[in-house]
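Descriptive analysis of the structure
Here is what each chain is made of, one letter per residue.
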Amino acid sequence: MTPGVNGHPLHDILEPVWQDVLRRNPAEAEFHQAVREVLESLGPVVAKHPHYVEAAIIERLCEPERQVVFRVPWHDDRGRVRINRGFRVQFNSALGPYKGGIRFHPSVNLGIIKFLGFEQIFKNALTGMPIGGGKGGADFDPKGCSDNEIMRFCQSFMTELHRHLGEYTDVPAGDTGVGEREIGYLFGQYKRMTNRYESSVLTGKGLGIGGARVRREATGYGTAIFVQEMLKERGMSLDGRRVVVSGSGNVALYAIQKVAAFGGITVACSDSDGVVIDEKGIDFDLLREIKEIERGRVADYAARRPGARHIPGGAIWDVPCEVAIPCATQNELTHHDATTLVANGCLAVAEGANMPTTPEAVRAFAEAGVLFAPGKAANAGGVATSALEMQQNASRDSWTFEHSEEKLTEIMRDIHRRCAETAETYGAPGNYVAGANIAGFIQVADAMLALGLV
Ligand code: NDP
Ligand code: 2IT
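Structure report, in brief. Everything numeric in this text was worked out from a predicted model, so none of it was measured.

1. A closer look at the side chain of aspartate 271
Looking at where aspartate 271 falls in the secondary structure, it is placed in strand E7 (residues 265–271). Among the polar contacts made by the side chain of aspartate 271, one reaches the main-chain amide nitrogen of valine 298 at a distance of 3.0 Å.

Below is the structure:
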């Protein structure tokens, strides 16, 4: 047993798998981190079920089925030629078509898309819906781009990507930097290239072009529902709790709204420029207008909301809270932040973003007895509702908001229950990380066994 990037020892059987992942995927730190976390959870599984090892299921899971990397040329408004790099990693299709978002952010590289695609396999399995795992994106920075530039970029991106997609093959959606507007442009170009109105080839569409109610809200709502379930099991609730949410994008915004519906008070949120603190509780309607309609910043919120303060470059996790919900980006919550949160009396953390908490921070929460919900479980409501969108598109149906939200709530409660029960069964009661990794793994692994060596 040797310690790795995340610090916990690995089961001896998994050590060569890990060494192989490091050797074959050099310089992909985020991918290593995501794989390591899952391998650390799987010790009790391989000890109990050696047939997964004999069939090399874990090695196969760590190798994407297909990786597409492509050039995206486009013209900016000044007529200059711009070149970006596009990615789609089709990681695992044992449970259904590849499914996962597309991220536009300058930090995107293959290792980041692979970490996201790897996580997506287990997350999608946990939803109980028939969807495999994949992820895509580009190192394109939409900040400061005009609407026309965004459209031209999306069209060029889809001109290459369309040949790899299909409602039974690969179904992308949004992620950081990709929302309803971008999905609309991507869908328009797909429709044009294929001459098919294939609604369920993309999810997260606007309501007027085949989108589903509650998809926009689903990730943030789902995360808040997961927190509520986690607290409920211990005789607590969000009611009256002081909450801090990082980010102010799609996930953060709707987490804030749902926290308020459960009686919680979100006193701070952020963007990459700084933090806004609003002791009365973030005014959801104002923040939504600034972010979704005006495409503004949290500094604009502070300027318009009496009593709110903007701290440029501020540290969001320094703001005292009982519940922390990181909803911005990977590794945004460090060991130092975790120590601060614990000292300030934080009792629960739920990842709205993908892998926002560093392994050292996760360990600090565990040591302090802070409840911790990993993204694979806590933010699965977004992709689950995407699968509901596929279902509605396939049956040419459109559900009400209430019905869709009921479905989402049911799915989140089920994920919570499965994670808790699996953790208990495998000797790690209360450990949602182990529960999510093991439950997701077993579901995918059994499907892979049934499909034979493909
Ligand atoms: P958005 O683009 O809507 O919002 C992202 C928010 O996070 C913005 O406030 C942004 O600030 C901040 N942020 C992003 N990257 C950085 C960075 N490198 N440093 C500091 N702040 C940053 O994205 P989403 O809300 O959709 O996604 C947020 C997270 O949730 C991501 O990890 C994503 O993978 C995950 N997720 C998203 C789902 C979805 O359905 N959209 C589903 C499940 C998970 P700024 O504007 O200044 O960049
Ligand atoms: O990380 C995620 O789960 C997403 N970005 C949503 C994926 C989807 O297909 O809805």
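So that's the structure; there's more coming.
2. A word on the environment of glycine 144
Following the sequence through the fold, glycine 144 ends up in the loop between strand E4 (133–138) and helix H7 (147–161). The class for glycine 144 is exposed, based on a relative accessible area of 82%.

3. Considering the pairing of strand E3 (residues 98–104)
Moving residue by residue along a regular strand, the side chains alternate between the two faces of the sheet. Across the 7 residues that make up E3, a large majority, 7, are buried. Bridge count for E3 against strand E5 (residues 170–173) is 4 bridges, and the pairing is parallel. Paired with lysine 99 across the strands is valine 171, a residue of E5. For E3 and E4, the ladder comprises 3 bridges, and the chain directions are parallel.

4. A word on the state of the cysteines
Per the counting criterion, the structure on display carries 0 disulfides. Cysteine 154 provides the cysteine sulfur closest to cysteine 145, a residue in no disulfide bond, and the two sulfurs are 10.0 Å apart.

5. Description of the pattern of salt bridges
Tallying each qualifying case throughout the model produces 34 salt bridges. A salt bridge links glutamate 389 to lysine 205, with the nearest nitrogen and oxygen atoms 2.7 Å apart. Here the residue glutamate 389 occupies a position in helix H16 (residues 381–394), and lysine 205 occupies one in the loop between helix H8 (180–194) and helix H9 (215–232), the gap between them amounting to 184 residues. With relative accessibility at 0%, the residue glutamate 389 sits in the buried group. Take lysine 205: its relative accessible area is 3%, and that puts it in the buried class. Between glutamate 292 and arginine 288 there is a salt bridge whose closest N-O contact spans 2.8 Å. Taken together, the positions of glutamate 292 and arginine 288, both in helix H11 (residues 284–293) and 4 residues apart, correspond to about one turn of that helix. What makes glutamate 292 partly exposed here is its relative accessible area of 25%. Three or more residues joined by partner-sharing salt bridges are found here, namely Glu180, Arg216, Arg288 and Glu292.

Criteria and cut-off values
- Residues numbered from 1 in each chain as written.
- Chains lettered and ligands numbered in written order.
- Predicted model: local features only at pLDDT ≥ 70, side-chain atom pairs only at ≥ 80, totals over all residues.
- Heavy atoms only, no water.
- Helix = DSSP H or I, 4+ residues; strand = E, 2+ residues; numbered from the N terminus.
- Polar contact = N/O pair within 3.5 Å; in protein donor to acceptor, adjacent residues only side chain to side chain.
- Buried < 20%, exposed > 50% of the residue type's maximum accessible area, 1.4 Å probe, protein only.
- Pairing = 2+ DSSP bridges.
- Disulfide = S-S within 2.5 Å.
- Salt bridge = Lys/Arg side-chain N within 4 Å of Asp/Glu carboxyl O.

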